Amino acid sequence: MRIEVVTLFPEMIEAVMRHGVTGRAVTRGLLTVSTENPRAHTSDVHQTVDDRPYGGGPGMVMKPEPLYAAIAAAAARLPAGSRRIALTPQGRVLNQALLQELQQLPGLVLVAGRYEGIDERVIESAIDMEISIGDYVLSGGELPALVVIDALARRLPGALGDARSNVEESFNEGLLDWPHYTRPEEFMGRRVPAVLLSGDHAAIARWRREQALERTRERRPDLLKFGGS
Ligand code: 9D3
């Protein structure tokens, strides 16, 4: 999968791409991530990428010309069938079902906005979909773009280490995790549940499934009401 990120802060993207699961996916050739900076598509001496909002009000808006040119340059490097996605607070809220859809695509342009937002005519003319990562206020689209990339990378076949398989992850899909324990057997007066020391693999599997269900019912009943993936 090929991902282009349109951003005023390419270093934010590049730094994260060097680490962990995303770094490994890139090293293994499963994922390619490049950036395109709208500032490189300005023609004035100040390299202006923002301007005041028509109608007044606080803050600035990303001006259309440099942003549109950056999206076009990024999209030109991607295969046919790719999509241009803007990270905005107005978008579809990200979940595993949406990631599953995105995973089918050969390439993505992820447009990270800054300031109060993007000129609406760029959204209308150069964006196929808007995505939000949840109902809280961030300072721009870079962290959301990184969230999308991380969540996609770990779904790519071969991206996870041998120990963690996608099969194992999808087995418990839609539920919260069961509780995890490692050595020592007793910590701060708290013992590891006996069943985990029993060696009875069927009993352990049953206990974990029950714990996952119980915790999901308790903390996230919305996940049990279907619709997820
Ligand atoms: C909805 C808030 N807006 C009303 C005045 C202002 C505003 C807040 C934050 C405008 C832009 C931003 C920057 N946020 C993102 O670019 C963003 C975001 C987010 O803030 N939360 C969750 N997902 C996303 S995706 C992009």
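Owing to the predicted nature of the structure, the values given are computational and were not obtained by experimental measurement. (Residues numbered from 1 in each chain as written. Predicted model: local features only at pLDDT ≥ 70, side-chain atom pairs only at ≥ 80, totals over all residues. Heavy atoms only, no water.)

J.: Can you help me understand the layout of surface pockets in this one?
T.: Gaps left between atoms show up when a probe the size of a water molecule is rolled over them. Empty space within the second largest pocket amounts to approximately 480 Å³. Surrounding the second largest pocket, 24 residues form its lining, Leu87, Thr88, Pro89, Gln90 and Glu116 being those nearest its centre. Considering every element that reaches the lining of the second largest pocket, the biggest residue donor is strand E5 (residues 83-93), with four residues. Looking at the lining of the second largest pocket residue by residue, the classes come out as eleven nonpolar, nine polar and four charged. (1 Å grid on protein atoms, 1.4 Å probe; cavity = no way out; pocket = protein on both sides within 12 Å on 5 of 7 lines; lining within 4 Å. Points joined across faces, edges and corners; volume = space filled by probe spheres on them. Helix = DSSP H or I, 4+ residues; strand = E, 2+ residues; numbered from the N terminus. Nonpolar A, V, L, I, M, F, W, Y, C, P; charged D, E, K, R; others polar.)

J.: Help me understand the pairing of strand E6 (residues 107-112), please; the structure alone is not making it clear to me.
T.: Regular strands place their side chains on alternate faces of the sheet. Counting buried positions along E6 yields six of six residues, so the element is predominantly enclosed. The alternating pattern of E6 places Gly107, Val109 and Val111 and Leu108, Leu110 and Ala112 on opposite faces, both of which are buried. Judged from the five bridges that link them, strand E1 (residues 2-6) and E6 form a sheet pairing that is parallel. Within E6, the residue paired with Val5 across the bridge is Leu110. The pairing of E5 with E6 spans five bridges and is classified as parallel. Its bridge partner being in E6, Leu87 is matched across the sheet by Ala112. (Buried < 20%, exposed > 50% of the residue type's maximum accessible area, 1.4 Å probe, protein only. Pairing = 2+ DSSP bridges.)

J.: What exactly am I supposed to notice about the pattern of salt bridges here?
T.: Think of it this way: side chains of opposite charge can pair up when their charged atoms draw near. With the rule as written, the count across this model stands at eleven salt bridges. Of the charged contacts, one joins Glu65 and Lys63 as a salt bridge, the two residues approaching to 3.6 Å between their closest N and O atoms. Look at the salt bridges and you will find they share partners, linking Arg2, Glu4, Glu36 and Arg77 into a network. (Salt bridge = Lys/Arg side-chain N within 4 Å of Asp/Glu carboxyl O.)

J.: Help me out: how do you make sense of the side chain of Asp50 in this one?
T.: One can find Asp50 in strand E3 (residues 50-51). For the buried Asp50, no salt bridge is present, and the opposite-charge side chain at shortest range is Arg39, 6.4 Å distant. Contacts of Asp50, omitting those with residues within four sequence positions, involve Met60, Val61, Met62, Lys63 and Tyr115. (Lys, Arg positive; Asp, Glu negative; His and termini not counted. Contact = heavy atoms within 4.5 Å.)

J.: Could you clarify how one ought to interpret the environment of Arg77 in this entry?
T.: Positionally, Arg77 belongs in the loop between helix H3 (64-75) and E5. When the C-alpha atoms of Arg77 and Asp119 are compared, they prove to be 24 Å apart, with 42 residues separating the residues in sequence. What Arg77 contacts, discounting residues up to four positions off in sequence, is Arg2, Glu4, Thr35 and Glu36. Engagement of the side chain of Arg77 in a polar contact is seen with the side chain of Glu36, the distance being 2.9 Å. (Polar contact = N/O pair within 3.5 Å; in protein donor to acceptor, adjacent residues only side chain to side chain.)

J.: When you look at the site of the ligand in this model, what are you seeing that I'm missing?
T.: Taken together, 16 residues lie near the ligand, and Ile133, Gly134, Tyr136, Leu138 and Gly140 sit nearest. One of the side-chain nitrogen or oxygen atoms of Ser132 is found 3.4 Å away from a nitrogen atom of the ligand. Tyr136 is positioned with one of its backbone polar atoms (N or O) 2.8 Å from a nitrogen atom of the ligand. For the ligand, whose unbound accessible area comes to 570 Å², protein coverage reaches 74%. Tallied by class, the residues present in the shell around the ligand amount to nine nonpolar, six polar and one charged. (Near = heavy atom within 4 Å. Areas by Shrake-Rupley, 256 points an atom, 1.4 Å probe, with all protein chains shown as cover.)

J.: Just checking my understanding: could you explain the nonpolar core for this structure?
T.: Generally speaking, a soluble globular protein has its nonpolar side chains buried in company with each other. Judged by nonpolar contacts, the single largest core of 29 residues is most densely connected at Ile3, Leu102, Leu108, Leu110 and Ile131. Elements with a contribution of two residues or more to this core: E1, helix H1 (10-17), helix H2 (20-27), E5, helix H4 (96-103), E6, strand E7 (129-132) and helix H6 (142-153). Here the element with the most residues in this core is H6; it accounts for seven residues. Excluding anything up to four places from it in sequence, Leu102 contacts Met1, Ile85, Leu108, Met129, Ile131, Val148 and Leu152. Formed by 17 residues, the second largest nonpolar core is a distinct cluster that contains Leu8, Ala70, Ala74 and Ala126. (Core = buried A, V, L, I, M, F, W, Y, C linked by side-chain atoms within 4.5 Å.)

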